[in-house]
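# Reading the structure
Chain by chain, the residues:
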There are 2 protein chains.
Amino acid sequence: MKESIPRKAVYRLSLYKRCLERLVNGDATTVSSEALARVAGVKPTQLRKDLGYCGQFGKRGLGYDVATLRSRLTDALGRTSLQPVILVGAGNLGSALLRYEEGFAKEGFEISAAFDAQPKKRSAAVKAPVFPLTRMGKFVSDHGVKMAILCVPGTVAQEICNNLVGAGIQAILNFAPIILHVPAKVMVNNVNLAIELENLSYFIR
Amino acid sequence: MKESIPRKAVYRLSLYKRCLERLVNGDATTVSSEALARVAGVKPTQLRKDLGYCGQFGKRGLGYDVATLRSRLTDALGRTSLQPVILVGAGNLGSALLRYEEGFAKEGFEISAAFDAQPKKRSAAVKAPVFPLTRMGKFVSDHGVKMAILCVPGTVAQEICNNLVGAGIQAILNFAPIILHVPAKVMVNNVNLAIELENLSYFIR
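Residues numbered from 1 in each chain as written. Chains lettered and ligands numbered in written order. Predicted model: local features only at pLDDT ≥ 70, side-chain atom pairs only at ≥ 80, totals over all residues. Heavy atoms only, no water.

## Overview of the pattern of salt bridges
Counting across every chain of the model gives 12 salt bridges over all chains. For A:Arg12, the salt bridge identified is with A:Asp50, shortest N-O distance 2.7 Å. Here A:Asp50 lies in helix H3 (residues 44–51) and A:Arg12 lies in helix H1 (residues 7–25), a separation of 38 residues in the sequence. Among the residues examined, A:Arg12 registers a relative accessible area of 21% and is labelled partly exposed. Each of A:Lys17, A:Arg18 and B:Glu198 takes part in a single network of salt bridges with overlapping partners. (Salt bridge = Lys/Arg side-chain N within 4 Å of Asp/Glu carboxyl O. Helix = DSSP H or I, 4+ residues; strand = E, 2+ residues; numbered from the N terminus. Buried < 20%, exposed > 50% of the residue type's maximum accessible area, 1.4 Å probe, protein only.)

Dropping the structure here:
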């Protein structure tokens with residue numbers, strides 16, 4: 001596993017890349033570290049430190065060339081072709097994400113298949129094929145899939161997670177409302193919309 | 001604005017509450033701090049420190065009473081009735097979230113209305129009413145809405161955010177792929193699915 005760039009810096013590099021893509025669409029050819037840091041919501045010192053992970057950048061005072069910086073970031077983040085992803089659990093949230101498929105594709109991710117305990121109930125409205133859970137492990141190993149989006153209920157999430165890891169999944173985007181226990185080689189990012197909302201609501205006067 | 005409990009501790013308290021809800025369903029009446037910490041994926045010392053924000057808990061060695069702890073957490077997090085939320089931007093992702101409405105309701109949040117630049121194109125498949133963006137400000141102030149979910153393109157997100165804040169919104173769950181600039185009194189939590197996936201894909205061997 002690559003570990004040369006710290007995880008939080010990888011997040012910010014993704015963010016800078018997206019900011020640059022907006023600048024490209026807006027016709028800017030160079031950008032100062034101060035301006036890019038402001039758009040990204042970080043301090044200029046943080047930005048310069050993070051960009052240090054992507055090699056040396058020239059000419060103090062002239063700013064960064066937008067196109068060069070963007071391609072350096074893309075290289076550093078290492079995404080060149082569509083990365084296949086499977087989605088497990090095509091209930092309310094899972095189906096919602098499957099319908100958002102074209103949004104993922106635009107970002108370089110292709111949901112190659114979905115798996116659900118009741119595939120026949122699920123497959124009508126979405127484009128990706130929905131298979132029974134029993135076919136998940138074989139699909140993952142046959143197709144060399146490394147990433148999974150997990151949208152199953154909390155009660156079954158750990159068991160399904162174990163199956164995914166056993167079949168070769170290395171990275172999980174977890175929407176199930178539990179903390180998954182995985183081997184150190186497997187990465188898990190958690191997205192819990194209810195906790196995000198509850199967190200915000202706490203701070204409302 | 002309440003600020004007595006640090007933001008990250010509020011996240012973890014939400015998480016503990018959800019873990020306890022699973023324990024209640026599973027018939028457990030008491031839980032040790034070690035067991036609860038393991039389920040939540042934190043260290044026991046962290047758990048005990050966080051629970052300290054919710055007052056004193058008794059009887060070292062006997063563990064926590066599940067029902068009592070859960071109601072203390074609910075009190076501390078302060079959510080008793082459905083909190084109204086509006087959703088802005090009913091495109092791919094926004095519509096997906098609107099279809100997930102019942103999932104939000106189960107967690108105590110009600111999407112009372114959605115707003116979109118093209119409301120007529122959007123309203124077919126979702127339950128919440130979809131209004132034109134021009135009615136957003138008045139709706140927010142008339143109904144005293146304090147929370148918004150923002151799913152608009154990055155190019156218009158800051159402008160719409162300004163309108164929301166001007167109308168009285170205090171907390172934003174932001175799915176737009178930009179960093180929003182808001183006054184200090186406004187809270188923003190960011191959920192960027194593309195960045196989560198890109199982050200994971202970086203760590204795949």
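And the narrative resumes.
## Thoughts on the packing of aromatic side chains
Residue and element names in this part refer to chain A. By the definition in use, this model includes eight aromatic pairs over all chains. Ring geometry for Tyr-202 and Phe-203: centres 5.0 Å apart, planes at 90°, overall edge-to-face. Each member of the pair Tyr-202 and Phe-203 is classed as buried. Grouping aromatic residues by their ring pairs yields a cluster made of Phe-115, Phe-131 and Phe-139. The ring of Phe-131 has Arg-135 lying over it, and the distance from NZ or CZ to the ring centre is 4.3 Å. (Phe/Tyr/Trp six-rings, centres within 6.5 Å; stacked < 30°, edge-to-face > 60°. Lys NZ or Arg CZ within 6 Å of the ring centre and 35° of its normal.)

## Points about the packing of H1(A) against helix H10 (residues 193–202) of chain B
Running from N to C, H1(A) and H10(B) cross one another at 130°; their axes reach a closest spacing of 9 Å. Classified by the angle between their axes, H1(A) and H10(B) sit oblique to one another. Between H1(A) and H10(B) lies a crossing of right-handed hand. Side by side, H1(A) and H10(B) meet where A:Arg7, A:Val10, A:Tyr11, A:Ser14, A:Leu15, A:Lys17 and A:Arg18 of the first sit next to B:Ala194, B:Ile195, B:Glu196, B:Glu198, B:Asn199 and B:Tyr202 of the second. Broken down by class, the residue content of the contact of H1(A) with H10(B) amounts to six nonpolar, two polar and five charged. (Axes fitted to C-alpha atoms, helices over the stretch in contact; angles between N-to-C directions. Parallel < 35°, antiparallel > 145°, perpendicular 65-115°, else oblique. Left-handed = near helix turned anticlockwise from the far one by under 90°. Contact = heavy atoms within 4.5 Å. Nonpolar A, V, L, I, M, F, W, Y, C, P; charged D, E, K, R; others polar.)

## Some points on the domain arrangement of chain A
Considered domain by domain, chain A is made up of domain 1 (2–77) and domain 2 (83–196). Using only C-alpha atoms to locate each centre, domain 1 of chain A and domain 2 of chain A end up separated by 31 Å. (Domains from an automatic or database assignment.)

## As for the sheet that holds strand E8 (residues 187–190) of chain B
Residues and elements named next belong to chain B. Pairing within the open sheet is parallel, and its six strands lie in the order E5-E4-E3-E6-E7-E8. Where the open sheet ends on each side, the last strands, each with one partner, are strand E5 (130–132) and E8. Direction aside, neighbouring strands of the sheet carry axes that sit 25° apart on average. Examined bridge by bridge, strand E6 (residues 147–150) and strand E7 (residues 171–174) share four bridges and lie parallel to one another. Looking at the pairing, Ala-148 lines up with Ile-172 of E7. Strands in contact with helix H9 (residues 154–167) are strand E3 (83–88), E6 and E7; relative to E6, the strand with the most contacts, it is inclined by about 170°. (Pairing = 2+ DSSP bridges.)

## Looking at the interface of chain B and chain A
Tallying the contact residues gives 61 residues for chain B and 62 residues for chain A. Contact between chain B and chain A buries roughly 6400 Å² in total, counting both sides, with carbon and sulfur atoms accounting for 67%. In this structure, the connection of chain B to chain A is made through four salt bridges. Inspection of the chain B/chain A interface yields 15 residue pairs in polar contact (both at pLDDT 80 or more). (Buried area = accessible area lost by both parts, 1.4 Å probe. Polar contact = N/O pair within 3.5 Å; in protein donor to acceptor, adjacent residues only side chain to side chain.)

## Here's the deal with the side chain of B:Asn199
Inspection of the secondary structure assignment puts B:Asn199 in helix H10. A residue is classified by how much of its surface remains accessible, and B:Asn199, at 0% relative accessible area, is buried. With sequence-adjacent residues up to four places away left out, B:Asn199 is seen in contact with A:Arg7, A:Val10, A:Tyr11 and A:Asn189.

## As for the relation of the copies chain B and chain A
Least-squares fitting of chain B to chain A yields an RMSD of 0.0 Å, with the superposition described by an axial translation of 0.0 Å and a rotation of 180°. Here the copies are linked by what is in effect a two-fold axis. Closest to the rotation axis within chain B is the C-alpha of B:Ala96, separated from it by 2.1 Å. By residue overlap, the copies meet face to face through one surface: 100% of the interface positions of chain B are interface positions in chain A. (Least-squares fit on C-alpha atoms with pLDDT ≥ 70 in both.)

## A word on the nonpolar core
One finds A:Ile149 and B:Ile149 to be the most contacted residues of the largest nonpolar core, which totals 100 residues. Non-local contacts of A:Ile149, meaning those with residues more than four positions away in its chain, are made with A:Val85, A:Ile86, A:Leu87, A:Val88, A:Leu97, A:Phe104, A:Ile111, A:Leu173, A:Phe175 and B:Leu197. (Core = buried A, V, L, I, M, F, W, Y, C linked by side-chain atoms within 4.5 Å.)

## Overview of the environment of B:Val140
All names here are of chain B. On the secondary structure map, Val-140 appears in helix H8 (residues 136–143). Accessibility expressed as a relative area gives 1% for Val-140, which makes it buried. Each C-alpha atom of the pair Val-140 and Gly-166 lies 9.7 Å from the other, and the pair is 26 residues apart in sequence. Setting aside residues no more than four positions away along its own chain, Val-140 makes contact with Ile-86, Val-145, Ala-167, Gly-168 and Ile-169.

## A word on the sheet that holds strand E7 (residues 171–174) of chain A
All names here are of chain A. With parallel pairing, the six strands of this open sheet are ordered in space as E5-E4-E3-E6-E7-E8. In the strand order of this sheet, the two ends are held by strand E5 (130–132) and strand E8 (187–190), each with one partner. Recorded for the sheet is a direction-independent mean angle of 25° between the axes of neighbouring strands. For E7 and E8, the ladder comprises four bridges, and the chain directions are parallel. Across the sheet, residue Ile-172 finds its bridge partner in E8, namely Val-188. Each of strand E3 (83–88), strand E6 (147–150) and E7 is contacted by helix H9 (residues 154–167), which is oriented at about 170° to E6, the strand it contacts most.

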